[in-house]
Amino acid sequence: MKKTYIVGAREVHVRHYSVQAENVEEAKDLVYQQAESVVDMSFEEYSHCLDRETWSVEEIPAKDTSPGPHKEGTQP
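The present account deals with the structure reproduced in this document. (Residues numbered from 1 in each chain as written. Predicted model: local features only at pLDDT ≥ 70, side-chain atom pairs only at ≥ 80, totals over all residues. Heavy atoms only, no water.)

**Structural notes on the pattern of salt bridges**
A side chain with one charge may pair with a side chain of the opposite charge, provided their charged atoms come close. In the structure shown here, the tally under the stated rule is three salt bridges. The closest approach of N and O atoms between E25 and K28, which form a salt bridge, is 3.8 Å. Taken together, the residues span about one helical turn, with E25 and K28 both in helix α1 (residues 24-32) at a distance of three residues. Classification of E25 as partly exposed rests on a relative accessible area of 47%. (Salt bridge = Lys/Arg side-chain N within 4 Å of Asp/Glu carboxyl O. Helix = DSSP H or I, 4+ residues; strand = E, 2+ residues; numbered from the N terminus. Buried < 20%, exposed > 50% of the residue type's maximum accessible area, 1.4 Å probe, protein only.)

If you want it as structure tokens, here you go:
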């Protein structure tokens with residue numbers, strides 16, 4: 001009998017920021033420091049999945065369809 005699982009695949013996303021700076025390194029530093037001049041562009045894109053070893057897996061218990069009393073909130 002097959003079971004149902006929830007798999008949490010760890011993903012990396014790239015978030016984009018706008019900032020005025022003298023050079024690339026200063027731009028990175030300002031974003032890293034979350035400086036007031038940094039503007040979150042509210043745009044992100046998928047980059048890649050992390051290795052399967054980092055994923056989480058949780059089995060979803062089968063619904064209890066047996067007759068008789070059930071704990072509150074667990075009735076089928």
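Let us keep going from here.
**Here we look at unusual backbone geometry**
Even without a glycine there, the phi angle at Q34 is positive, about 55°. Tracing the backbone through its elements, the reader meets Q34 in the loop between α1 and β3 (39-49). At S42, a position not held by glycine, the phi torsion is positive, near 50°. Mapped onto the elements of the fold, S42 is located in strand β3.

That is the geometry; function is a separate question.
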